[in-house]
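If you want the building blocks of each chain, they are given just below.
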Amino acid sequence: MTLIPTTDLPVDAIQLGSPEVWSRPDRDAMFAKLRAERPVSFHEEPEFIGFPKGPGFWAITRYDDVVRVSRDSDTFSSGRGSNIGDLPVELLEFFGSMINMDAPRHTKLRKLVNRGFTPRVIASLEESVRTTARRVVETVAPKGACDFVEEVSSLLPLKIICDMMGIPEADNRRMFELSNVILGIGDPEYGVTMDVLMSAAIELSQYAQALGEARMATPGEDITSVLMSADVDGERLTPSEFASFFILLVVAGNETTRNAISHGMKALTDFPDERRKWMADFEGVAPTAVEEIVRWATPVIHFRRTVTKDVELCGQCIREGEKVVIWYNSANRDERAFPEPFRFDVTRAPNEHVGFGGGGAHYCLGANLARREIKLMFQELFRVCPDMRVVGQPDMLFSGFIHGIKRMRVEWTPPR
Ligand code: HEM
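What you are looking at is a predicted structure, and each value in this text was computed from that prediction instead of being measured. (Residues numbered from 1 in each chain as written. Predicted model: local features only at pLDDT ≥ 70, side-chain atom pairs only at ≥ 80, totals over all residues. Heavy atoms only, no water.)

A. How the structure looks around helix α14 (residues 282–297). Of all the bends in α14, the greatest measures close to 35 degrees and is centred on T288. Within α14, 12 of the 16 residues are buried, which leaves the element mostly enclosed by the surrounding structure. All of the buried residues in α14 are F282, V285, A286, A289, V290, E291, E292, I293, V294, R295, W296 and A297. Packed against the buried residues of α14 are α12 (239–270), α13 (272–280) and α16 (367–384). (Bend = angle between axes of the 7 residues up to and from the residue. Helix = DSSP H or I, 4+ residues; strand = E, 2+ residues; numbered from the N terminus. Buried < 20%, exposed > 50% of the residue type's maximum accessible area, 1.4 Å probe, protein only. Contact = heavy atoms within 4.5 Å.)

This is the structure:
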């Protein structure tokens, strides 16, 4: 029986807008306290580089409320931004593409890009995901020790997203660096200023425009070609819409899956019985194990919505124009929704976690791809380095948005 963590901090002292929260060891306990005592609570906003501080936000911490907000995009709009800080309107779409849009524009764009993510397209990637996972693991296997993030978990999602988009291998590393800049905002190690952020986004955007134009002239097998020629109700993606979607994909498709795999390795080290259970029946346990890894990791910690009309949540009135922030990390540990939420259980069922979102219009477009990548990566790791384990503590990204691991040492017995 694993217990719900506790903290002596009074509920009034919990300030989710304070960057300090993200380096505190009792973070899970703070969310447990909020869920129990003040499931909808108001917080000051953190400073957002280069912009005036915003008016604050309501934090939604219980599972049912996170799902309700996610599924009602008429009341809880994404069009004014999905991160806590307010970006100027012209930057919202540039950085966020469809994640910062509402219907009907969001619906149209999603229909268009869905062409690149049909079950058939994703199934056709199976072999390439398997081959890449095998190559990554076999390359590192003789070493017996490495940094898991640099040499294992980051390489698979990066290569897959680059192959899908038709990005040549020589440019993969640059994509990795640029996505690190965009999601590393706030972590002092990366020292991201507004200028650095903008120049990373502009570089990605120019790269995408050139790639899109090249595929329009000479289509290939990649998603870029599919997207550049897709036509829904007579509408096509413009080069700048494509460039914004490209930025979203490179960022969303890389870090999230990388962190899920890293947290998965840490959990399998910390819970050796669960590893044994999975290794004893890999195929049988994989569907539930992969969902549990995503619930456990919750790679995306929150997203924001803006309220379009006065609404009541958990007895709290929220006014039109106010921001609500849905905390996936908290919903995924809600004791009302998951028995023993602090236990990592590879056979957990049911497991309706919100790691890929709460099920509304913006539900993760890449969820099935991510599931495949996680499964095939652990299949290869168990096959080639079955005793791989984390040594010491991971070096965590300082962020309240991405539950990131920057470095994590692993050791194993090299195969003979
Ligand atoms: C474990 C890995 C991943 C996690 C945890 C994750 C999580 C999320 C979350 C929480 C959302 C927002 C959902 C909502 O607002 O309801 C989202 C949206 C999105 N994700 Fe993922 N994601 C992952 C992998 C990927 C991959 C591999 C891709 C693409 C290749 C991707 C592409 C997207 C896109 C395009 C959206 C925006 C969808 C929209 O606005 O309609 N994600 N993801």
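Now that the structure has been shown, the text picks up again.
B. Summary view of the packing of aromatic side chains. Counted under the stated rule, the structure contains 20 aromatic pairs. Note on F303 and F401: the rings are 5.4 Å apart at their centroids and 65 degrees apart in plane angle, and the pair reads as edge-to-face. With F303 in strand β5 (residues 302–307) and F401 in the loop between β10 (395–396) and β11 (405–407), this pair connects stretches of sequence that are 98 residues apart. Here F356 and Y363 contribute two aromatic rings whose centre-to-centre distance is 6.4 Å and whose plane-to-plane angle is 65 degrees, an arrangement assigned as edge-to-face. Three or more aromatic residues link up through ring pairs in this structure, and these residues are W22, F31, F57 and W327. Over the ring of W296 we find R333; its NZ or CZ atom is 4.5 Å from the centre of that ring. (Phe/Tyr/Trp six-rings, centres within 6.5 Å; stacked < 30°, edge-to-face > 60°. Lys NZ or Arg CZ within 6 Å of the ring centre and 35° of its normal.)

C. Summary view of the site of the ligand. By nearness alone, 29 residues border the ligand, and H106, R110, R305, H362 and C364 come closest of all. At a separation of 2.7 Å, an oxygen atom of the ligand approaches a polar side-chain atom of H106. Those elements that place two or more of their residues in the shell around the ligand are α4 (105–114), α12, β5 and α16. (Near = heavy atom within 4 Å. Polar contact = N/O pair within 3.5 Å; in protein donor to acceptor, adjacent residues only side chain to side chain.)

D. Region of interest: the pairing of strand β8 (residues 323–327). Summarising burial for β8: 5 of the 5 residues are buried, a large majority. Neither face of β8 is open: one carries K323, V325 and W327, the other V324 and I326, and all of them are buried. As paired elements, strand β2 (residues 57–60) and β8 share 4 bridges and run parallel to each other. Opposite F57, over in β8, you have K323 as the bridge partner. Sheet topology note: the β5/β8 ladder contains 5 bridges and is antiparallel. The partner of T306 across the bridge, within β8, is K323. (Pairing = 2+ DSSP bridges.)

E. Expanded view of the packing of α12 against α16. Orientation of α12 relative to α16, taken along the N-to-C sense of each, is 40 degrees, at an axis distance of 10 Å. Taken together, α12 and α16 sit at an angle that is classed as oblique. Considering the relative orientation of α12 and α16, their crossing is right-handed. Taking contact as the criterion, the partners of T257, A260, I261, G264, M265 and L268 in α12 are, on α16, A370, E373, I374, M377, F378, L381 and F382. Grouping the constituent residues of the contact of α12 with α16 by class yields 10 nonpolar, 2 polar and 1 charged. (Axes fitted to C-alpha atoms, helices over the stretch in contact; angles between N-to-C directions. Parallel < 35°, antiparallel > 145°, perpendicular 65-115°, else oblique. Left-handed = near helix turned anticlockwise from the far one by under 90°. Nonpolar A, V, L, I, M, F, W, Y, C, P; charged D, E, K, R; others polar.)

F. Molecular detail of the sheet that holds β2. The 5 strands are arranged β1-β2-β8-β5-β3 in an open sheet whose pairing can be described as mixed. Where the open sheet ends on each side, the last strands, each with one partner, are β1 (40–43) and β3 (76–77). Sheet topology places β1 next to β2; 4 bridges connect them, and they run antiparallel. Opposite F42, over in β2, you have W58 as the bridge partner. Here helix α2 (residues 63–71) sits on the sheet and contacts β2, β3, β5 and β8; the angle it forms with β8, its principal contact strand, is near 125 degrees.

Any functional reading would require information that these geometric values do not contain.
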